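Notes for the structure review
Next come the chains, spelled out residue by residue.
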Amino acid sequence: MSDYIKQHAINLDYHTGESWIILNEIEQSIKKKIEAVGTPLKDWNIKINRGILTGLNEAFIISKKKRDELVEADPKSVEIIRPILRGRDIKRNKIDFQDKYLIALFPSKNYDIEKFPAIKDWLLNGDWVTAKTKTNPPTPIGSGKLRLEQTGETHTFKGVKFKSRKKTTNKWFEIQDSIQYWDDFNKPKIIYPETTQGAYFALDNKKFMLDKTCFMITNCENLTYLQCTLSSYLFEFAYKRIYASIELGIKGYQYNKYALTKLPVKKYSKNVALNNDDIFKLYSLTNEEINYITSSLGI
């Protein structure tokens, strides 16, 4: 037994405070090369924020058809209706917009709902209440305000019992999160789904809103370069194998914000688009290491 252990032993380079993970020699070599030139994202001057939690998507996230109806009924509605992406709409290096829109009534904006009569009527009397949700059965038309209240109370309306949204200090017509960083959605940003099957990072220059299943990275001078790096095979492998991703089933995993900020990325003076070969060269990977990465990812 002792001879077997000696023959198959692996030297581990472990530092106090690091997560415990066993890597083979080639994985250790890749890790060392990344860390030799990279700076953890937590030490970059960037911001990472979650998308929007409305508390009731059925009311606040609408189709293009409904959006057009509201704008036709009251052109002022266009001021607070914005295109929105869900996690499933974000792919590696691209966006698959599905014509979904957010009624962006952020509490921090202090909107007066009386100035948006078509939207107010939709929230109060729209047929969105007839959709079953995780916490409530379908409810009768006209129950909108009771459903949207942010009191956490239980109501009975026309014989149907249901709960309002959780208790907050926000008004009945506002989305649940205060979203103090609402203006960041208007900036160029890197967007990605929290739960994914790959390194699905995309660049957004079209001011999309994001729902709660997505995150965004802003306040970065080299967004294009960083987006290409995070989408690369090298950093998909590094995140999944080395920097503690949370696996979900056979193929799925979670881009946990804390784990993501541990990724050591080389700072680059140019904001340029790089391909996988460029990024392998930046980190001086050998052909053996590249083949190991692509094989591990099933490419």
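The structure we're discussing is the one just above.
The following refers to the structure shown. (Residues numbered from 1 in each chain as written. Predicted model: local features only at pLDDT ≥ 70, side-chain atom pairs only at ≥ 80, totals over all residues. Heavy atoms only, no water.)

Quick notes on helix H5 (residues 117-125)
Along H5, the residues that are buried comprise Ala 118, Ile 119, Trp 122, Leu 123 and Leu 124. Buried residues along H5 sit in contact with helix H3 (57-60), strand E3 (61-63), helix H4 (64-73), strand E4 (81-85), strand E7 (100-103) and helix H6 (144-148). (Buried < 20%, exposed > 50% of the residue type's maximum accessible area, 1.4 Å probe, protein only. Helix = DSSP H or I, 4+ residues; strand = E, 2+ residues; numbered from the N terminus. Contact = heavy atoms within 4.5 Å.)

A short note on the pairing of E4
Burial within E4 is extensive, with four of its five residues counted as buried. Relative to E7, E4 is paired through three bridges, and the arrangement is antiparallel. From the neighbouring strand, Pro 83 faces E7, where its bridge partner is Tyr 101. The sheet contact formed by E4 and strand E13 (residues 209-210) spans two bridges and is parallel. Each residue of the ladder has a partner; that of Ile 84, found in E13, is Met 209. (Pairing = 2+ DSSP bridges.)

Focus: the sheet that holds strand E10 (residues 189-193)
Here four strands make up an open sheet; going across it, the order is E2-E14-E10-E12 and the pairing antiparallel. The open sheet terminates on both sides in strands that have one partner only, identified here as strand E2 (47-50) and strand E12 (202-204). Across the sheet, the axes of successive neighbouring strands diverge by a mean angle of 30°, strand direction being ignored. (Axes fitted to C-alpha atoms, helices over the stretch in contact; angles between N-to-C directions.)

Some remarks on the side chain of Thr 196
The residue Thr 196 is located in strand E11 (residues 195-196) in this model. Residue Thr 196 is classed as buried on the basis of its relative accessible area of 5%. Polar contacts involving the side chain of Thr 196 include one to the main-chain carbonyl oxygen of Gly 198, which spans 2.8 Å. (Polar contact = N/O pair within 3.5 Å; in protein donor to acceptor, adjacent residues only side chain to side chain.)

Examining the sheet that holds E7
The sheet built from four strands is open, its strands ordered E3-E7-E4-E13 with mixed pairing. Two strands in the sheet have a free side with no partner beyond their single neighbour: E3 and E13. The strands touched by H4 are E3, E4 and E7; relative to E3, the strand with the most contacts, the crossing angle is about 90°.

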